[in-house]
Amino acid sequence: MNKKLILFSFILFGCSKNNPNLNIDNQNQNNFISAVDISSFPKIQLSEPIFKDESGNVISFLHFLKSNGVNTIRLRLWVNPSDQFSSLDEVISFSDTLKALGFNIYLALHYSDTWADPGQQIIPQNWENYSYTNLKTIIYNYTHMIMEEINPDIIQIGNEINNGFLHPIGNIHTNPDQFKGLINECIRAVRESSSNQSRIMLHYAGYNESVNFFNFFEDLDYDIIGISYYPIWHGKSLNQLEQNLIQLNNYNKDVMIAETAYPFTLGWNDWTNNIVGLEEQLILPQYPATPNGQKEFIESLKIIISNLENGIGLSYWGAELIAWNGQESTNGSPWENQAIFDFNNKALPIINIFQN
């Protein structure tokens, strides 16, 4: 059956800033999730960029990630996007390629036709006229179908759902019980699929108020607490982040930094406005916008999560987001200064932190 028809019918610092050289606790390292989100790679690949290793040798992008310790790839999935990118067909095809190379698949379901985050949780256009009762059936069938088609190792129910999802029906502030009911239908669909070994993540942006958020879900059957952490949006205290993660550790769920990134420069490599471009957006003086500053920031996060009793991994967002559309593009990458390749597409020192 046509998949689009189915869719229509039914988405420390080791505890201290003063001790940057503290060894990572080895107890969690054998199964540590070293992930990157490269959701835009199929689009970028169309421009035929040439990637290089740290010595300047031409590499195969995916093979290079694998050989440098990346064991998991995070991919976003939109319900019915305006083009093929992050669509079901693309994600199925890309997932098959990644699985053949030995990667685990971490799937981030947005339950939207476009970006979903705390600022917007837009219900898919084809779902917007349904009642709450009918929407529960739709998202159950959609999620169950995704499980059957892709069978990810981790499935994230919604993206940065601080304010709920599928607005207005699933708005946490105006319809909290409906929000929880919709999430529970997604969880039930995963558990009742034939390939039911996937681990379920709930994903929150930042650490402020995250304890209250996960208190709200304490009666639901999920496996992983996922947190986004970007200093530009979520605060510049790694000590506060660590203390919050220790509190979240008490829920007897695994804990993961689901999204993070940091710049290696404040410069631009195209004419598209960058998300991070000011020193005031950084953690200074500890982590300047340099190749080593980028590496040391991520290394510090890895130490924090690795030393957490239930800490299981870290995912770097936008690893692939070079200035792929040309140096004069105003519709290119807003993230090229936070990718893991420099402005000559040469691997940066951060690549070394993915080895366990």
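As a reminder, the structure under discussion sits directly above these lines.
Conventions we followed
- Residues numbered from 1 in each chain as written.
- Predicted model: local features only at pLDDT ≥ 70, side-chain atom pairs only at ≥ 80, totals over all residues.
- Heavy atoms only, no water.
- Axes fitted to C-alpha atoms, helices over the stretch in contact; angles between N-to-C directions.
- Helix = DSSP H or I, 4+ residues; strand = E, 2+ residues; numbered from the N terminus.
- Left-handed = near helix turned anticlockwise from the far one by under 90°.
- Contact = heavy atoms within 4.5 Å.
- Nonpolar A, V, L, I, M, F, W, Y, C, P; charged D, E, K, R; others polar.
- Buried < 20%, exposed > 50% of the residue type's maximum accessible area, 1.4 Å probe, protein only.
- Pairing = 2+ DSSP bridges.
- Salt bridge = Lys/Arg side-chain N within 4 Å of Asp/Glu carboxyl O.
- Polar contact = N/O pair within 3.5 Å; in protein donor to acceptor, adjacent residues only side chain to side chain.

Visitor: I keep staring at the packing of helix α4 (residues 88-100) against helix α5 (residues 132-150) and nothing clicks. Help me out?
Guide: Packed helix pairs are specified by the crossing angle of their axes together with the interaxial distance, meaning the distance between the axes. α5 packs onto α4 with a crossing angle of 35° between their chain directions and a minimal axis gap of 10 Å. Of the two elements, α4 crosses α5, and the hand of that crossing is right-handed. Touching Leu88, Val91, Ile92, Ser95 and Lys99 of α4 are Met145, Ile146, Glu149 and Ile150, all from α5. Of the residues assigned to the contact of α4 with α5, the class counts are 6 nonpolar, 1 polar and 2 charged.

Visitor: In this structure, what is going on with the pairing of strand β7 (residues 199-205)? I would like to understand it.
Guide: Looking along a regular strand, one sees the side chains alternate between the two faces of the sheet. Most of β7 is tucked away, with 6 of its 7 residues classed as buried. Both strand β6 (residues 154-157) and β7 contribute to a ladder of 3 bridges, which runs parallel. Across the sheet, the residue bridging to Gln156 is Met201, located in β7.

Visitor: Is there a simple way to explain the pattern of salt bridges in this structure?
Guide: This model, assessed by the stated rule, comprises 8 salt bridges. In this structure, the salt-bridge partner of Arg74 is Glu259, at a minimum N-O distance of 3.1 Å. In this pair, Arg74 is assigned in strand β4 (residues 72-77) and Glu259 in strand β9 (residues 254-259), connecting sequence segments 185 residues apart. Each member of the pair, Arg74 as well as Glu259, is classed as buried. Here Arg188 makes a salt bridge to Glu192, at a shortest N to O gap of 3.3 Å. By relative accessible area, which is 43% here, Glu192 ends up partly exposed. Within the structure, one salt-bridge network assembled from shared partners comprises Asp37, Arg74 and Glu259.

Visitor: Quick question: what am I supposed to make of the side chain of Ser228 here?
Guide: Relative to the assigned elements, Ser228 resides in strand β8 (residues 224-228). On the basis of relative accessibility, which here comes to 0%, the residue Ser228 falls in the buried class. Polar side-chain contacts of Ser228 include one of 2.7 Å to the side chain of Glu160. Of note is the side chain of Ser228, whose polar atom sits 2.7 Å from the side chain of His203. Excluding residues that lie within four positions of it along the chain, Ser228 makes contacts with Glu160, His203, Tyr204, Ala205, Gly206, His234 and Glu259.

Shape descriptors only; they carry no functional weight alone.
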